[in-house]
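Residues per chain, in single letters:
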Amino acid sequence: MILLWFALEVLFLENEITISSVYSIIDIETTGGKYNEEGITEIAIYKFDGHKIVDQFISLVNPEIPIQPFVVNLTGINNEMLRQAPKFYEVAKRIVEITEETIIVAHNASFDYRILKTEFSRLGFEFERETLCTVELSKKLLPDVKSYSLGKLVRELGIPMSDRHRASGDAKATVTLFKLLMSKDSQKEIISNTVRMEPKRQLDSKLLRIIEKIPGETGVYYMHREDGTIIYIGKSRNLKKRIVQHFTSDQRKSKKMQEEVQSVSFELTGSDLIAMLKESEEIKINKPIYNRALRRTIYQYQLNSFTDENGYINLCIEKADARKKPITTFNNLTQAKETLHKIVGTYGLCQKLTGLYQTKSACFSYTIRECAGACIGQESPEEYNQKVNDFLQKYSFENKTMLIIDRGRDIEERSVVYIEKGTFKGIAFFNLNFQINRPEILKTLITPMSHNKDAQHIIQSYLRKQKGIKIIELQE
């Protein structure tokens, strides 16, 4: 394994293979005027690797023609401000360099791309780039917003914006919007289309096509064929380590994936809970050929309850049964018993009435004074059932509306899992307190996800294992 790892590191350094998509997120201000006769007055380009800004270029531009009065009123840019600004041919080389081998993203991309092509055409240069439009993506992924103009859209989403109608402010807001759209794209159409757009390179080896920039962070990864089709989805707390394991494994499935994979994309989540929920949801949506096992229910046992003839609520571990609504679920029987033992100890429940101690008389806990005697009728059903209900109140989502707050993708960000009236609604990322404190903004930020037994199992299992997770219960 050490030799394989060394070989991978050498390959990274020698070939500098890049398979993660890079975007040039652009905004351009112009003079206004007749179609294809406009001139650029300001341009902002943020080079975005799908996770963070890695380069930027912002500049005023002398268009060498007057600015229309209504544009001056709109942007605040006037002819005097541009007198000493560089002309387009003086910034053209930098624009080519920063956008090379990237996909141009803009709000109304057809406008910005047309303006750039026109300016380069005047210089006798053929400027060709693939494009993505955040207006079109927003209409598909945010169908319920009131307006798709950039200003109104980011205001409705609670995205901070400064210098409206200035290139840098509009482009920076578009970066945040694009990041949100990528996280809401459960079918991964953006990244799959991007893979198809990227120029195809000859592979030195079909065994390895992995990127040195993939971080050792928490997230979800996607293996693609050459046409962009996703063949495998996985999650890991260390993406780089997990992908290396795929490409150094001798297992039959791994070898097949090694032969077929053309590129690997990824999405950081910060939170392991978010990664597990996205993995489960997106496998069900995309049905990758090598994820057959995870399309099925992921838990094997569940905790149920019934009331016996004496009026006591009994807890019992049973095999997973889709016909019954479980209190909580478990991967295996050992996990189920360990968890139930902890519940019994925490809430002072009876081992006999939870199925952990088979006896016709008192349970073992009663003999050491940890059970109040429900097993032999010394504790009344009302007293005992109150303890059980205290447990159910904490462990069950039934009729609860709450937010589960966890780590985000960077130090300033947090993730949220949204439960509404006992139903899992989706996930979101937020930076600002007012985004999470205003329900109308929160619901727009949420990436809708399916409420199913797997999602409930993932959330409940995570909460059992993790300490210090912040839960905010909301009033109806």
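Everything here concerns the structure above.
Please read all numbers here as calculations on a predicted model, not as lab measurements.

Student: Help me understand the overall build of the chain, please; the structure alone is not making it clear to me.
Tutor: Tallying secondary structure elements over the chain gives 17 helices and 16 strands in all. Its C-alpha atoms give the chain principal-axis dimensions of about 95 × 55 × 30 Å. Of all 476 residues assigned to the chain, the portion counted as buried reaches 54%. By sequence separation, contacts in the chain at least 24 residues apart represent 63% of the contacts at least 6 residues apart. Taken as a whole, the chain presents about 23900 Å² of accessible surface, with 49% of it coming from carbon and sulfur. If the 68 positive side-chain charges of the chain are averaged to one point and the 62 negative ones to another, these points end up 5 Å apart.

Student: I'm lost on the packing of helix α3 (residues 88-99) against helix α4 (residues 109-122) in this one. Help?
Tutor: A pair of packed helices can be characterised by two numbers: the angle between their axes and the separation between those axes. It is the contact of α3 with α4, at a shortest axis distance of 11 Å, that shows an interaxial angle of 120°. Relative to α4, α3 is oriented oblique. Relative to α4, the crossing made by α3 is left-handed. Contact with α3, carried on its side by Phe88, Ala92, Ile95 and Val96, involves Leu116, Glu119 and Phe120 of α4 and no other residues of that element. Of the residues in the contact of α3 with α4, the class split is six nonpolar, no polar and one charged.

Student: It is not clear to me how unusual backbone geometry should be interpreted in this structure. Could you clarify?
Tutor: Glycine aside, a negative phi is what most residues show, and trans is what most peptide bonds show. For Glu64, which is not a glycine, the phi torsion comes out positive at approximately 65°. Inspection of the secondary structure assignment puts Glu64 in the loop between β3 (53-60) and α2 (69-75). Accessibility expressed as a relative area gives 55% for Glu64, which makes it exposed. Even without being glycine, Lys287 reaches a positive phi, approximately 50°. Structurally, the position occupied by Lys287 is in the loop between α11 (272-286) and β9 (301-307).

Student: What am I meant to see in the sheet that holds strand β11 (residues 328-330) here?
Tutor: Two orientations exist for strands paired in a sheet by backbone hydrogen bonds: parallel and antiparallel. Strand order in the open sheet made by the three strands is β10-β9-β11, with antiparallel pairing throughout. Only two strands of the sheet have a single partner each, and these edge strands are β10 (313-319) and β11. Averaged over neighbouring strand pairs, the angle between their axes works out to 35° when direction is ignored. Of the pairings in the sheet, the one linking β9 to β11 comprises three bridges and is antiparallel in character. Bridge pairing in β11 links Leu303 to Thr328. Of the strands in this sheet, β9 and β10 are in contact with helix α14 (residues 381-395), which crosses β10 at around 45°.

Student: What should I look at first to understand the nonpolar core in this one?
Tutor: By size, the foremost hydrophobic cluster in this structure holds 44 residues, and its most contacted members are Tyr23, Leu157, Leu177, Phe178, Ile190 and Val416. Setting aside anything within four residues of it in sequence, one finds Leu177 in contact with His107, Thr134, Ser138, Leu142, Leu150, Leu153, Leu157 and Ile159.

Student: Looking at this structure, I do not really get the pairing of β9. What am I missing?
Tutor: Along any regular strand, the residues point their side chains to alternate faces of the sheet. Bridging between β9 and β10 involves seven bridges; their strand directions are antiparallel. Bridge pairing in β10 links Tyr301 to Lys319.

Student: Could you clarify how one ought to interpret helix α10 (residues 252-260) in this entry?
Tutor: An α-helix turns once per 3.6 residues; consequently, residues spaced three or four apart project the same way. Taken residue by residue, α10 has Ser254, Met257 and Gln258 as its buried positions. The arc that holds the buried residues of α10, viewed along the axis, is 105°, so those residues lie on one side. Residues of α10 that are exposed and point over 90 degrees away from its buried face: Arg252 and Glu259. Against β6 (219-224), β7 (230-236) and α9 (239-248) lie the buried residues of α10.

Student: Looking at this structure, how should I read helix α7 (residues 167-184)?
Tutor: For α7, which comprises 18 residues, the first-to-last C-alpha distance of 25 Å matches the rise-based estimate of 26 Å (1.5 Å per residue) to within 8%. Burial of α7 is extensive: 16 of the 18 residues sit out of reach of the surface.

Student: What am I meant to see in the packing of α11 against helix α17 (residues 453-465) here?
Tutor: Close contact between α11 and α17 brings their axes to 10 Å; oriented N to C, the two are set at 165°. Taken together, the axis directions place α11 and α17 in an arrangement best described as roughly antiparallel. Two packed elements cross with a definite hand, and for α11 against α17 that hand is right-handed. Contacts between α11 and α17 involve Asp272, Leu273, Met276, Leu277, Ser280 and Lys284 from the former and Asp454, Ala455, Ile458, Ile459 and Tyr462 from the latter. For the contact of α11 with α17, the class distribution of residues is seven nonpolar, one polar and three charged.

Student: Please clarify how the environment of Lys465 should be interpreted in this entry.
Tutor: Among the secondary structure elements, Lys465 is positioned in helix α17. On the basis of relative accessible area, Lys465 is assigned to the exposed category, the value being 53%. Sequence separation between Lys465 and Asp321 is 144 residues, and the spatial gap between their C-alpha atoms is 23 Å.

Student: Whenever I open this one, the sheet that holds strand β16 (residues 470-473) confuses me. Can you help?
Tutor: Pairing within the open sheet is antiparallel, and its five strands lie in the order β15-β14-β13-β12-β16. In this open sheet, the two strands that pair with only one neighbour each are β15 (447-448) and β16. Two strands pair when backbone bridges link them, and strand β12 (residues 402-407) and strand β13 (residues 414-420) are joined in this way by six bridges, in the antiparallel orientation. The residue of β13 that forms the bridge with Asp406 is Ser415. Those strands touched by α17 are β12, β13, β14 (423-430) and β16, and its axis lies near 65° from that of β12.

Criteria and cut-off values
Residues numbered from 1 in each chain as written. Predicted model: local features only at pLDDT ≥ 70, side-chain atom pairs only at ≥ 80, totals over all residues. Heavy atoms only, no water. Helix = DSSP H or I, 4+ residues; strand = E, 2+ residues; numbered from the N terminus. Buried < 20%, exposed > 50% of the residue type's maximum accessible area, 1.4 Å probe, protein only. Contact = heavy atoms within 4.5 Å. Areas by Shrake-Rupley, 256 points an atom, 1.4 Å probe, with all protein chains shown as cover. Lys, Arg positive; Asp, Glu negative; His and termini not counted. Charge placed at Lys NZ, Arg CZ, Asp CG, Glu CD. Axes fitted to C-alpha atoms, helices over the stretch in contact; angles between N-to-C directions. Parallel < 35°, antiparallel > 145°, perpendicular 65-115°, else oblique. Left-handed = near helix turned anticlockwise from the far one by under 90°. Nonpolar A, V, L, I, M, F, W, Y, C, P; charged D, E, K, R; others polar. Pairing = 2+ DSSP bridges. Core = buried A, V, L, I, M, F, W, Y, C linked by side-chain atoms within 4.5 Å. Arc of directions from axis to C-beta. Expected span 1.5 Å × (residues − 1).

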